[in-house]
Each structure stands twice: as C-alpha cells, then as structure tokens.
Amino acid sequence: MKNLRLKAARTEKDFSQQQLADIVGVSRQTISAIEKGNYNPTVNLCIAICQALDKTLNDLFWPE
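Residues numbered from 1 in each chain as written. Predicted model: local features only at pLDDT ≥ 70, side-chain atom pairs only at ≥ 80, totals over all residues. Heavy atoms only, no water.

Participant: Help me understand the nonpolar core, please; the structure alone is not making it clear to me.
Facilitator: Side chains of nonpolar character tend, in soluble globular proteins, to be buried together. Within the largest apolar cluster, 15 residues are counted, with the highest numbers of intra-cluster contacts made by Leu 6, Leu 20, Val 24, Ile 49, Leu 53, Leu 60 and Phe 61. Listed by contribution, the elements that provide at least two residues to this core are α1 (4-12), α2 (17-24), α3 (28-36) and α4 (43-53). No other element matches α4, which puts six residues into this core. Apart from the residues lying within four places of it in its own chain, the contact partners of Leu 6 are Leu 20, Ile 34, Glu 35, Ile 49, Leu 53 and Leu 60. (Core = buried A, V, L, I, M, F, W, Y, C linked by side-chain atoms within 4.5 Å. Buried < 20%, exposed > 50% of the residue type's maximum accessible area, 1.4 Å probe, protein only. Helix = DSSP H or I, 4+ residues; strand = E, 2+ residues; numbered from the N terminus. Contact = heavy atoms within 4.5 Å.)

Below, the structure written as structure tokens:
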C-alpha cells in the first residue's frame, strides 16, 4: 500500500527524496520504496523520518 502521507509530508517540507534520505541516513531508493509501499522500514527508520519531517508515527505510518 502506497504511503501517500509520507510523500505529502516530504513535499510539504520541500524535501526531495534524496534530501530526506541524506537526513535519515538511507538511500534515495529506500525512501522511494517506502513511498511506493514496496519496503517495510524498521521502527528506528520510521522514527528518524518522523523527526526529520516533524510528524508523529501516527501521522505517517499507522493506519487510520
């Protein structure tokens, strides 16, 4: 399932996939795969992404 909330939060911060990847220490392809729903990130990576985007885990990763 695509993670459109992550993509929206990233673009809201005006970050490219590469910029977010650099901040959290992963490859651009990892961010792309998470957004496409092709990769299940670790909890630590989820937390790092949330911190970079000023969002909570509920905002980005937990189903509504």
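This is not the end of the story, as more comes after the structure.
Participant: Can you help me understand the packing of α2 against α4 in this one?
Facilitator: Two numbers describe how α2 lies on α4: the axes approach to 9 Å, and their chain directions differ by 115°. In this structure, the crossing between α2 and α4 has a hand that is right-handed. Residue-level inspection shows Leu 20, Ile 23 and Val 24 of α2 in contact with α4, the latter providing Leu 45, Ala 48, Ile 49, Ala 52 and Leu 53. Residue classes in the contact of α2 with α4 are distributed as eight nonpolar, no polar and no charged. (Axes fitted to C-alpha atoms, helices over the stretch in contact; angles between N-to-C directions. Left-handed = near helix turned anticlockwise from the far one by under 90°. Nonpolar A, V, L, I, M, F, W, Y, C, P; charged D, E, K, R; others polar.)

Participant: Which parts of the structure should I look at to understand the side chain of Glu 35?
Facilitator: Its location among the elements puts Glu 35 in helix α3. A polar contact of 2.6 Å, which involves the side chain of Glu 35, links it to the side chain of Arg 10. In this structure, Glu 35 is in contact with Lys 2, Asn 3, Leu 6, Lys 7, Arg 10 and Gln 17, ignoring residues within four places of it in sequence. (Polar contact = N/O pair within 3.5 Å; in protein donor to acceptor, adjacent residues only side chain to side chain.)

Participant: Teacher, can you tell me more about α4 here?
Facilitator: Residues lying three or four places apart along an α-helix face the same way, a consequence of the helix completing one turn every 3.6 residues. Those residues of α4 not exposed but buried are Leu 45, Cys 46, Ile 49, Cys 50, Ala 52 and Leu 53. The buried residues of α4 occupy an angular sector of 165° when the element is viewed end-on, so they sit on one face. Relative to its buried face, α4 has exposed residues pointing more than 90 degrees away, namely Val 43, Asn 44 and Gln 51. Of the residues trailing α4, Asp 54 is marked for its positive phi of about 55°. (Arc of directions from axis to C-beta.)

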